[in-house]
Amino acid sequence: MSITVVGSIAYDAVKTPFGERERMLGGAAVHFALAAAFFDEVRVVGPVGDDFGEEELGAMRDRGIDISDIERVAGKTFFWRGEYGWDLNSRETLDTQLGVFEGFQPKLSDTSRSSDVLFLANIQPDLQHEVRAQLPDARFVALDSMNLWIEIARDSLVGAIEGVDCLILNDAELRQLTGKPNLVSAAREILSWRDGNGGRGPSVIVAKQGEYGAALVTRESFFALPAYPLETVIDPTGAGDTFAGGFVGFIAANLDALDSPSASGERAGGGDRATGAPSDDLLRRAMAHATVLASFNVEQFGTERVQSLTREEIVARLHELHAITQFSGVA
Ligand code: AMP
């Protein structure tokens, strides 16, 4: 099953207590795609300026990412500058320049429109909306956003969220969006939007909690994982998008287990046969893959670590994460 992603394709300038980079490959769609490409075919949609380098395109191409819907437009590539505090938990945005995203009208190729899975990575919610409308039959659609859009384009963002199956946000942003003081009530509030919306809207909420991990809330269940414990964290930029790439990529690769149910009639661990939605088991395994991918991302600046990552390293860390989240009987 293939995945189409729209979101920022960027140059980032980042300063952390451990060093700085003046101009490195970044952007929500790029971090997402580099992670999701470990699991499935990924098609990136979005504009870059005439300043965007061949080397940066090559980084995506080398991972088998379909870049044919990356449009080169006269002007400057999206630019973001951020600086982190001493413990890397606080981040200040110092500059955001939309560049070629201003006035961008997404025109997806037939190939990008034929994907079964869509990820609306962080960008103006109107653009997310426009892309969503071009894949009306997608089987699984997820969306990420950020505080900026909650502040300046809330109505448009709420409209975009009502058109997706899964919302992936930082937990502080979930509270900000809903005005609810805690994570579970904020997630429940968003799940309830579905009722007033003719049964359309998110049924899966993922709350990213930085170094504390991530939580998954559906109508039926709650699940949480800690972050993989690392002694050295260099740059958290893109961790959330890399997490989303692991999560959505793993779901896309396994949703079709729906079509080959086990002989016993049990759920096959992929899609739920009644609804076509990802089963709880698949969502939980996707959380583990997402957690592992994000943990690699923060070990070096920008996309550097994920660009050199291997499948063997992913599998080894999944085993470690599994081991550290087990405990014996509760009786
Ligand atoms: P994360 O650390 O997961 O929140 O993602 C950081 C990435 O998001 C960086 O690579 C930035 O280029 C990108 N980014 C920052 N601000 C915005 C914005 N306003 N819209 C879209 N992408 C952004």
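Above this text sits the structure in question.
A. A look at the site of the ligand. Around the ligand there are 19 residues in total, and Ser8, Asp12, Gly27, Gly238 and Asp241 lie nearest to it. In the model, an oxygen atom of the ligand is placed 3.1 Å from a nitrogen or oxygen of the glycine 240 main chain. Interatomic distance of 2.8 Å between a side-chain N/O atom of aspartate 241 and an oxygen atom of the ligand. Secondary structure elements with two or more residues in the shell around the ligand: strand S2 (10-16), strand S6 (78-84), helix H5 (147-152) and helix H9 (239-254). Among the elements that make up the shell around the ligand, the one with the highest residue count is H9 (3 residues).

B. Looking closely at the sheet that holds strand S1 (residues 3-6). Here 9 strands make up an open sheet; going across it, the order is S5-S4-S1-S8-S9-S10-S11-S12-S13 and the pairing mixed. One side of each edge strand has no neighbouring strand; the edge strands of this open sheet are strand S5 (70-72) and strand S13 (222-225). Here the average twist between neighbouring strands, direction ignored, is 15°. Pairing of strand S10 (residues 166-170) with strand S11 (residues 204-208), which is carried by 5 bridges, proceeds in the parallel orientation.

C. Fine view of the pairing of S10. Along S10, 4 of the 5 residues are buried, which leaves the element largely enclosed by surrounding structure. Relative to S10, strand S9 (residues 140-144) is paired through 3 bridges, and the arrangement is parallel. Note that in S10 the partner of aspartate 144 across the bridge is isoleucine 168.

D. Representation of the packing of aromatic side chains. Using the criterion set out here, one finds 6 aromatic pairs in the structure. Between the aromatic rings of phenylalanine 101 and phenylalanine 104, the centroid separation amounts to 5.9 Å while the plane-to-plane angle is 75°, which identifies the pairing as edge-to-face. Side by side, phenylalanine 101 and phenylalanine 104 carry an identical accessibility label, which is buried. An aromatic cluster of three or more residues is present, and its members are Phe78, Phe101 and Phe104.

E. Region of the structure containing the nonpolar core. Counting residues in each nonpolar core, the largest one holds 63 residues, and the members touching the most others are Phe119, Ile168, Val206, Phe247, Val248 and Met287. The leading source of residues in this core is helix H10 (residues 280-297), at 10 residues. If sequence neighbours within four positions are ignored, phenylalanine 119 has contacts with Thr4, Val5, Val6, Phe32, Ala142, Leu143, Asp144, Ile168, Ala244 and Val248. Formed by 30 residues, the second largest nonpolar core is a distinct cluster that contains Val141, Ala160, Ala186 and Ile205.

F. Local environment of the side chain of serine 221. Along the chain, the position of serine 221 falls in the loop between strand S12 (214-218) and S13. Residue class for serine 221 comes out buried when judged on its relative accessible area of 12%. Engagement of the side chain of serine 221 in a polar contact is seen with the side chain of aspartate 280, the distance being 2.8 Å. Excluding anything up to four places from it in sequence, serine 221 contacts Leu216, Asp280 and Arg284.

G. Structural view of the environment of arginine 91. Relative to the helices and strands, arginine 91 is located in strand S7 (residues 91-97). Given the relative accessible area of 45%, arginine 91 is considered partly exposed. For the pair arginine 91 and leucine 282, spaced 191 residues apart in sequence, the C-alpha to C-alpha distance is 32 Å. Sequence-distant contacts of arginine 91, defined by excluding residues within four places in its chain, comprise Trp80, Glu83, Tyr84 and Thr237. In terms of polar contacts, arginine 91 uses its side chain to reach the side chain of tyrosine 84, at 2.9 Å.

H. Structural detail: the pattern of salt bridges. If you walk through the whole model with that rule in mind, you get 16 salt bridges. Residues aspartate 144 and lysine 208 are paired through a salt bridge, measuring 3.3 Å at the closest nitrogen-oxygen approach. Here lysine 208 lies in strand S11 and aspartate 144 lies in strand S9, a separation of 64 residues in the sequence. As far as the burial class goes, aspartate 144 and lysine 208 line up, both buried. With a closest N to O distance of 3.2 Å, arginine 175 and aspartate 171 form a salt bridge. You can see arginine 175 and its partner aspartate 171 sitting in helix H7 (residues 171-178), 4 residues apart, about one turn around the helix. Classification of aspartate 171 as buried rests on a relative accessible area of 17%. Three or more residues are tied together by salt bridges with common partners; here these are Glu299, Arg305, Glu313 and Arg317.

What counts and what doesn't
Residues numbered from 1 in each chain as written. Predicted model: local features only at pLDDT ≥ 70, side-chain atom pairs only at ≥ 80, totals over all residues. Heavy atoms only, no water. Near = heavy atom within 4 Å. Polar contact = N/O pair within 3.5 Å; in protein donor to acceptor, adjacent residues only side chain to side chain. Helix = DSSP H or I, 4+ residues; strand = E, 2+ residues; numbered from the N terminus. Pairing = 2+ DSSP bridges. Axes fitted to C-alpha atoms, helices over the stretch in contact; angles between N-to-C directions. Buried < 20%, exposed > 50% of the residue type's maximum accessible area, 1.4 Å probe, protein only. Phe/Tyr/Trp six-rings, centres within 6.5 Å; stacked < 30°, edge-to-face > 60°. Core = buried A, V, L, I, M, F, W, Y, C linked by side-chain atoms within 4.5 Å. Contact = heavy atoms within 4.5 Å. Salt bridge = Lys/Arg side-chain N within 4 Å of Asp/Glu carboxyl O.

Function cannot be read off these values alone, since they describe shape.
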